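# Descriptive analysis of the structure
Chain by chain, the residues:
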Amino acid sequence: MAMTEKDPVTGRETTGHEWNGIKELNTPIPRVVFVFLGLTFAFSLLWWALMPAWPLGASYTRGLLGADHRQDVSRALGAAQRERAAWTQEMESLPYAEIEARPDLMRVVSESGRRLFGDNCAACHGAEGRGGPGFPDLSAQLWLWGGEPETIEETLRVGINSTHEETRYGQMLAFGRDGMLSRPEIASVISFLRAHAQDVGEPDPRDAQGVEAGGAIFAEQCASCHGEDARGLKTAGAPDLTDGYWLYGGDRATLTRTLVNGRQGHMPHWEERLTLAERRILTLYVLGLKPAEGGPDDS
Amino acid sequence: MIARLTRHERQNALIILGLVALMGAVLGLAGRSDPLGWHGLLIVVFAAGLALPVLGALDAPEPTEDRESAYYDDPTRLGILLSMGWAVFGLFMGVWVAALLAWPELTFVDSPWASFGRLRPAHTTGVIFGFGGNALIATSFHVLQRTSRARLSGQLLPWFVLLGYNLFCLLAVTGYFMGITQSKEYAEPEWYADLWLVVVWVAYFLIYILTLARRKEPHIYVANWYYMAFILVVAVLHIINNLAVPVSFGQAKAYSAFSGVQDAMTQWWYGHNAVAFFLTAGFLGMMYYYLPKRAGRPIFSYRMSIVSFWGITFMYLWAGSHHLHYTALPHWVQTLGMTFSVMLIVPSWASAGNALLTLNGAWRKVRDDATLRFMMIAAVFYGLSTFEGSFMAIRAVNSLSHYTDWTIGHVHAGALGWVAMITFGSIYYLVPVMWGRERMHSAALVEVHFWLALLGTLVYVFSMWNSGVIQGLMWRTYDESGSLSYSFVDSLVAMHPYYVARALGGLMFLMGALVGCCNIWMTIRGASVSVPQDDRPADRNADRNLVAGE
Ligand code: HEM
Ligand code: HEM
């Protein structure tokens, strides 16, 4: 027969079972357990009554409050849109000059712009818009396709070399790879470029060789896009090669790579992902970006 | 270990290993132009590696006649060592991914295997299935025998379960590095590994049933209820969630039988009950044996343990949809998940309370004995993380916590504070018993491990709570114009200090585990004392010595 015994600490009986020395007390379940079970069950009953809860074949109990989370979301989105309508309409329709004259709208530009830029643009252009190799430094305010707000707005809408039907299209040809220029010719053009550009970094002994020959090649091969004076051509998205700002780098090795293999950067289009108001906010926001102290950052 | 098998059993072991190797060879050949080929090779190498020692000892002396009159503890011993080995691997991977989140540039090898997405499942599988699973198998074999007073069923079967299970873990983890995954969290391995686990798991269940059937105690102890629920429900979850069709027999890739929101619901029904029956029920089984044993106290309330068992088993199965609040899942399913999660707090706290009240009369021991303190803290964290879980399951709360580090904090309050602590406590109790030593080599080192583990857990959990709440709030803060105030990157910058803290907390936890490994190693190397006379199964032919009373 199972022997129950009294536990000296609690004064309770054991159940009389033993497993390798483990015994169990015959303590009744404390009242609080039932109280809380009752409370949580009552809460559940209430919630089931109020909310959509139990399946009924093809349908379900709707709940007394008529709540439906899909409708809740659409309603909340609608309300948010109406609340924002006060300024989104102006942001979409007013000319840029007028927006710039309105402190209230410009506050939206600086606050929302920072967030929009961080979520959509910073991955390539950097949190401060300072760019990086292959990704333009926007704070330098040197524009490949032009710096009027309308032009930037259009760039945002269609992107560059993007999948948009009306995308801006730009390409630096692969002069070396495609056999248009020989290696020595490329070296001469580079000398020519470095002789005429500001801020080319470390001087290189090869810079002195072939500057003149390079000038001739430039006029023949490059000027059609970059301009006779190498100051770029905004309609083709061809950069100014004299301003000292290099998208990929102005040292001889990088320039050689650029001329041999060509370049074709990619900027997505935002027409489907951002609203017109958001694109216009971003336009003004990037126009307001300030370069780092001491000129464009090189990071 | 092999010495305890008869020559006939050794031959059978070779046949089984031969079949496994054959299976590996077939997979390897069929999948030779696929990563599957490597797994075929791995299976062959695994089987061959085990066959070698068996072959070498084939003609060794037969075991003595009386082997049936001792408990079968070899599989438990190896299971403990494997568990600690996986712990070091899994925790190290945890520290690695934690460091990657704090310092992403640490991805120093420009190779797919070294990317966060492949390392992370190696961490979760390493700790949950490698560390936790081996500990569950090892302790369940021990508890089953001691509370049934019967030797484990089968001579080869326990080895098949333990080693087969580790083969599954190996396939899983090596697969991630090669990019083999079906992208279901905690169920990443592909079809062939899943099928293998089914075979192993059925064998596991069989051992349990057969041994219980031979028990010499009239009643089944509650720990065994929990272990059995763990085995049975995990089998059901595993099979259903992994229903899939392979692209071909020669490819690792398979496509799930479910799609869309049904797939999501099946996955999180699985995912939540993996938490419930793997990380909770199994470890509750562990707690119900080792805690009263170490404390030398009777269980506070027999009735409460039974009621919580059925409460937990019944309610958990409904709760999975709280992982999918505010998704395409219909609202009514979310309501059910939420309400059952709220009710779930009651049996959960009843279990935690039962454990803590069992310690009444043993609090001095808790103060002096770090092993028991591991178990006590585990019960506290169990209470804490279940309260937190029920709270987070409320939709309004979840709208803040979901997708944030708060979830990660909750996970690790449960994983470090509950799962790992109860395991370490049980292992510290078990190692001297299993290797016939008086006590652990160094009580001071157990103490060091305890404090490293506790501190590491607190640092981890507090930093993730902070980070999670900040993150959640930043994602829902609007400015006057009705636009979001912060970009996602802003929230990343805000989390950086917490990520650094978490990595340090994890490092402490890992160091604690390493200290534990040294201590266990020294204990095993130390001098043995004789096994107590009564630590053996009841005589085979004796009648059940207790009359089944109730
Ligand atoms: C050294 C200690 C540990 C560290 C440093 C650590 C670190 C991490 C990190 C960094 C993540 C990824 C979080 C994210 O993606 O944001 C993670 C996820 C996870 N860890 Fe750990 N971990 C540790 C121990 C453990 C243990 C012992 C367990 C279980 C027994 C565990 C279970 C998990 C699980 C389940 C996840 C996935 C959580 C989710 O997806 O919500 N970890 N861990
Ligand atoms: C009453 C008990 C519990 C309830 C109601 C509960 C509830 C929850 C909830 C609401 C989430 C967040 C889901 C989301 O927002 O995505 C969650 C996540 C999680 N919980 Fe618990 N929890 C409980 C206990 C535990 C325990 C004891 C553990 C132990 C280790 C645990 C491990 C996890 C894990 C691993 C996840 C992350 C799943 C993932 O997203 O990968 N939970 N739990």
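Residues numbered from 1 in each chain as written. Chains lettered and ligands numbered in written order. Predicted model: local features only at pLDDT ≥ 70, side-chain atom pairs only at ≥ 80, totals over all residues. Heavy atoms only, no water.

### Some points on the overall build of chain A
Within chain A one finds 10 helices and four strands. The helix and strand sequence of chain A, counted from the amino end, reads β-β-α-β-β-α-α-α-α-α-α-α-α-α. Taken over C-alpha atoms, the radius of gyration comes to 35 Å for chain A, far larger than the 19 Å a tight globule of 299 residues would show. The principal-axis extents of the C-alpha atoms in chain A amount to approximately 110 × 55 × 45 Å. Of all 299 residues assigned to chain A, the portion counted as buried reaches 42%. A separation of at least 24 residues holds for 55% of the contacts in chain A among residues at least 6 apart in sequence. A total of about 16800 Å² of accessible surface is found on chain A, and carbon and sulfur atoms cover 57% of it. Of the side-chain charges in chain A, 29 are positive and 42 negative, and the distance between the mean point of each set is 7 Å. (Helix = DSSP H or I, 4+ residues; strand = E, 2+ residues; numbered from the N terminus. Rg over C-alpha atoms; globule rule 2.2 N^0.38 Å. Buried < 20%, exposed > 50% of the residue type's maximum accessible area, 1.4 Å probe, protein only. Contact = heavy atoms within 4.5 Å. Areas by Shrake-Rupley, 256 points an atom, 1.4 Å probe, with all protein chains shown as cover. Lys, Arg positive; Asp, Glu negative; His and termini not counted. Charge placed at Lys NZ, Arg CZ, Asp CG, Glu CD.)

### Some thoughts on the coordination of the iron atom of ligand 2
Among protein atoms, the single one acting as a donor to the iron atom of ligand 2 is B:His410 (NE2), 2.1 Å away. Considering the arrangement of structural elements, one finds B:His410 in helix α14 (residues 405-434). (Donors = N, O, S within 2.8 Å, 3.2 Å for Na, K, Ca; no water.)

### Regarding the environment of B:Ser33
Residue and element names in this part refer to chain B. Inspection of the secondary structure puts Ser33 in the loop between α1 (7-30) and α2 (36-56). Classification of Ser33 as exposed rests on a relative accessible area of 76%. In this structure, the C-alpha to C-alpha distance between Ser33 and Gly250, residues 217 residues apart in sequence, is 8.2 Å.

### Quick look at the coordination of the iron atom of ligand 1
Residue and element names in this part refer to chain B. Only His123 (NE2) and His412 (NE2) from the protein coordinate the iron atom of ligand 1, and they sit 2.0 Å from it. Considering all six donor atoms around the iron atom of ligand 1, angles at the metal cover 87 to 180 degrees and the coordination shape is octahedral. Remark: His412 occurs in helix α14 and His123 occurs in helix α4 (residues 116-148); sequence separation between them is 289 residues. Accessibility classification places His123 together with His412 in one group, the buried group. (Tetrahedral: all angles 85-135°; square planar, octahedral: opposite > 155°, others 65-115°.)

### Observations regarding the site of ligand 1
Residue and element names in this part refer to chain B. The local shell around ligand 1 holds 23 residues, among which Arg120, His123, Glu185, His412 and Ala415 are the closest. Arg120 is positioned such that a nitrogen or oxygen atom in its side chain is 2.7 Å from an oxygen atom of ligand 1. A distance of 2.5 Å is found between an oxygen atom of ligand 1 and a side-chain nitrogen or oxygen belonging to Glu185. Elements with a minimum of two residues in the shell around ligand 1: α3 (74-102), α4, α14 and α16 (488-525). For the shell around ligand 1, a count of residues per class yields 14 nonpolar, six polar and three charged. (Near = heavy atom within 4 Å. Polar contact = N/O pair within 3.5 Å; in protein donor to acceptor, adjacent residues only side chain to side chain. Nonpolar A, V, L, I, M, F, W, Y, C, P; charged D, E, K, R; others polar.)

### Section: the site of ligand 2
Residue and element names in this part refer to chain B. In the vicinity of ligand 2 lie 26 residues, with Glu185, Tyr186, Asn398, His402 and His410 positioned nearest. His402 places a polar side-chain atom, nitrogen or oxygen, 2.6 Å from an oxygen atom of ligand 2. His410 is positioned with one of its side-chain polar atoms (N or O) 2.9 Å from a nitrogen atom of ligand 2. Breaking the shell around ligand 2 down by element, the ones donating at least two residues are α8 (260-295), α10 (331-358), α12 (370-392) and α14.

### Focus: α4(B)
All names here are of chain B. Counted at 1.5 Å a residue, the expected span for α4 with its 33 residues is 48 Å, and the 46 Å between its end C-alpha atoms agrees. The largest bend along α4 measures about 35 degrees and falls at Gly126. Of all 33 residues in α4, 29 are buried, a share of seventy percent or more. Note on α4: the residue one or two positions beyond its end, Arg149, has a positive phi of about 50 degrees. (Expected span 1.5 Å × (residues − 1). Bend = angle between axes of the 7 residues up to and from the residue.)

### A few points about the packing of aromatic side chains
All chains considered together, the criterion is met by 49 aromatic pairs over all chains. Taking the centre distance of 4.9 Å and the plane angle of 80 degrees together, the rings of B:Phe309 and B:Trp310 count as edge-to-face. Pairing B:Phe314 with B:Trp318 gives two aromatic rings, centres 6.2 Å apart and planes at 65 degrees, and the pair type is edge-to-face. Since its relative accessible area comes to 48%, B:Phe314 is described here as partly exposed. Given the relative accessible area of 34%, B:Trp318 is considered partly exposed. Connected via pairs of aromatic rings, a cluster forms that spans B:Phe129, B:Phe141, B:Tyr165, B:Phe168, B:Trp201, B:Tyr204, B:Tyr208, B:Tyr227, B:Phe230 and B:Phe278. One Lys or Arg, A:Arg280, reaches over the ring of A:Tyr96 and ends 4.2 Å from the middle of that ring. Positioned above the aromatic ring of B:Tyr326, the side-chain terminus of B:Arg395 is 4.3 Å from the ring centre. (Phe/Tyr/Trp six-rings, centres within 6.5 Å; stacked < 30°, edge-to-face > 60°. Lys NZ or Arg CZ within 6 Å of the ring centre and 35° of its normal.)

### Quick word on the interface of chain B and chain A
Many structure descriptions define interface size as the accessible area lost when the parts assemble. Contact residues are listed per partner, giving 56 residues for chain B and 47 residues for chain A. The tally of links from chain B across to chain A stands at three salt bridges. Salt-bridge contacts for A:Arg114 lead to B:Asp490; the nearest nitrogen and oxygen are separated by 2.7 Å. Our enumeration of links across chain B and chain A arrives at 23 residue pairs in polar contact (both at pLDDT 80 or more). If you tally residues by element for the side of chain B that touches chain A, the top one is α10(B), at 12 residues. Among the residues forming the side of chain B that touches chain A, the class breakdown is 30 nonpolar, 16 polar and 10 charged. (Salt bridge = Lys/Arg side-chain N within 4 Å of Asp/Glu carboxyl O.)

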